[in-house]
Amino acid sequence: MLKLNFHPAGRHQLSIPGPSPVPDRISRAFSMPTIDHRGPEFGPLGLTVLAGIKKIFQTQHPVVIYPASGTGAWEAALVNTLSSGDHVLMYETGQFAALWKKIADSLGLKTEFLGLPGAEGWRKGVQSDLIEARLRADTAHAIKAVCVVHNETSTGVTSDIKAVRDAIDRAGHPALMLVDTVSGLGSAEYKHDAWGADVSIAGSQKGLMMPPGISFNALSPKAIAASKKATLPRAFWAWDEMLEMNKTGYFPYTPNTNLLYGLHEALDMILGEGLDNVFARHQRLAKACRAAVTGWGLEIQCTDAAVYSPVLTGVVMPEGIDADVVRKVIYEKFDTSLGMGLGKVKGKLFRIGHLGECNDGSLMGTLCAVEMGLSLAGVALKGSGVVAAMEVLKAPLELAQPSALKIAA
Ligand SMILES: *Cc1c(COP(=O)(O)O)cnc(C)c1O
């Protein structure tokens, strides 16, 4: 039952890998009066957030903003670039890759799911050599798009997207590269232009520290050209009218005015901290979290150290322990939410989010709750993960200079 009268002292520790906690500065921005989205004040707000979000994607090309969750932006990327029956090569890294494939299947695309066999696929990143080999075999160029997930939120694996681009190029294949960075953007390094993504998909409620409700498609000139020929039906998701109206900061239908105030604030916070500093902060928190897991003597879901996620860590439970029972103890006793195991790993792992509005104190609070909960749930621990994490956090953090990428600059 929904606990509407639930008023614990202090804040709930929202440690799921999205939606992530919303900073007060952003919440306050939402509370400004709703304005006329066709009026004179709206255009400058629209132009500012459209320019700011391009800096986060590290692109010179247009970014489309939808009043929708990430799932909408997945669909938008497909319907704008592809035609019914087109062959798309998707890569199975985890549950989010599987959900995206389900959408492609529903749209009448001919999907092919590539990946490592058995449980291995959900423990490692995208194997770009498999993509290269598959594309080389496609001499007729039937494959129209390659779809990969940058940060797989169900497992805690951040794939090397530049390596996928290089694999496509080495195969000399013209397929588009569509990338889901819904939970990567704003937390893990991501370069839409430099890595040659054609469409990058993101959402508001992960690294951008916003509530759910906004999602994005970052485009390339090749994706825009493909959209002129693509014939899948589209109306709400269509890029053309959006791009035309966005030139003056306006939208073809009602945008989420108040969420855009929040987005403006989020962009200012991230660009003010500096993208490189944001990425370094996430890497450091992730390292501390992994030290805790290792200190407990538990297994990390990701088995390739080169692709550990800076956004979240998947913690595998020993044989015979139901991860959802552990999560329940931690929620009820310590007012802390952890991410559940999704799809194939349901009950086998839980996920600790360390993204967005997260710092040493909030991470340590979560790790303490987890350590107490694990022991109350009867999980045999090798030692204190909390102590191990503290050792990582005691080391100084080298910060780059605050970036010159301020939203107002
Ligand atoms: C959260 C998430 C999505 C889906 O977003 P919704 O906002 O739930 O529709 C897609 N992909 C990844 C990798 C995600 O983490």
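For the structure itself, consult the block above.
Trainee: Kindly report on the site of the ligand, identifying the contributing residues and their values.
Mentor: Looking at the ligand, the residues that line it are S69, G70, T71, W74, F96, N151, T153, D180, V182, S183, Q205 and K206. One nitrogen or oxygen atom from the side chain of T71 is found 2.5 Å from an oxygen atom belonging to the ligand. Isolated, the ligand exposes 380 Å² of accessible area, and the fraction of that covered by the protein chains is 88%. Considering every element that reaches the shell around the ligand, the biggest residue donor is helix α3 (residues 70-81), with 3 residues. Class assignment of the residues belonging to the shell around the ligand gives a composition of 3 nonpolar, 7 polar and 2 charged.

Trainee: Explain the sheet that holds strand β14 (residues 349-353) to me, and be specific about the residues and the numbers.
Mentor: The mixed open sheet is built from 5 strands, whose spatial order is β1-β13-β14-β12-β11. A strand with exactly one partner marks an edge of an open sheet, and here the two such strands are β1 (13-15) and β11 (299-300). Across 5 bridges, the pairing between strand β12 (residues 312-316) and β14 is antiparallel. Bridging across to β14, G314 finds its partner in R351. Against the sheet, helix α12 (residues 360-376) contacts β1, β13 (336-340) and β14, and its axis sits at roughly 160° relative to β14.

Trainee: Outline the nonpolar core, listing residues and values.
Mentor: Counting residues in each nonpolar core, the largest one holds 89 residues, and the members touching the most others are I131 and F216. In terms of residue count, the dominant contributor to this core is helix α9 (residues 257-273) (9 residues). Two domains each put at least three residues into this core: domain 1 (13-20 + 275-393) and domain 2 (24-271). In this structure, A291, W296, L298 and A323 belong to the second largest nonpolar core, which totals 32 residues.

Trainee: So what's going on with the pattern of salt bridges? Which residues, and what values?
Mentor: Counting across every chain of the model gives 21 salt bridges. Among the salt bridges present, the one from D105 reaches K101, with a minimum N-O distance of 3.0 Å. With D105 and K101 both in helix α4 (residues 95-106) and 4 residues apart, this pair spans about one turn of that helix. One salt-bridge network, held together by shared partners, links R25, E265 and D268.

Trainee: I'd love a proper account of the sheet that holds strand β2 (residues 63-66), names of residues and values included.
Mentor: Taken together, the 7 strands give an open sheet; going across it, the order is β2-β10-β9-β8-β5-β3-β4, and neighbouring strands pair in mixed fashion. The open sheet has two edge strands with one neighbour each: β2 and β4 (110-114). Adjacent strand axes in the sheet meet at a mean angle of 20° when their direction is disregarded. Examined bridge by bridge, strand β3 (residues 87-91) and strand β5 (residues 143-149) share 4 bridges and lie parallel to one another. By the bridge assignment for β5, L89 is matched with V146. In the packing of helix α2 (residues 42-57) onto the sheet, the strands contacted are β2, β9 (199-203) and β10 (215-219), and the crossing angle to β2 comes to about 115°. α3 rests against β2, β5, β8 (176-180), β9 and β10 of the sheet, and its axis sits at about 165° to β9.

About the criteria used
Residues numbered from 1 in each chain as written. Predicted model: local features only at pLDDT ≥ 70, side-chain atom pairs only at ≥ 80, totals over all residues. Heavy atoms only, no water. Near = heavy atom within 4 Å. Polar contact = N/O pair within 3.5 Å; in protein donor to acceptor, adjacent residues only side chain to side chain. Areas by Shrake-Rupley, 256 points an atom, 1.4 Å probe, with all protein chains shown as cover. Helix = DSSP H or I, 4+ residues; strand = E, 2+ residues; numbered from the N terminus. Nonpolar A, V, L, I, M, F, W, Y, C, P; charged D, E, K, R; others polar. Pairing = 2+ DSSP bridges. Contact = heavy atoms within 4.5 Å. Axes fitted to C-alpha atoms, helices over the stretch in contact; angles between N-to-C directions. Core = buried A, V, L, I, M, F, W, Y, C linked by side-chain atoms within 4.5 Å. Buried < 20%, exposed > 50% of the residue type's maximum accessible area, 1.4 Å probe, protein only. Domains from an automatic or database assignment. Salt bridge = Lys/Arg side-chain N within 4 Å of Asp/Glu carboxyl O.

From the geometry alone we can't say anything about function, so treat these as descriptive.
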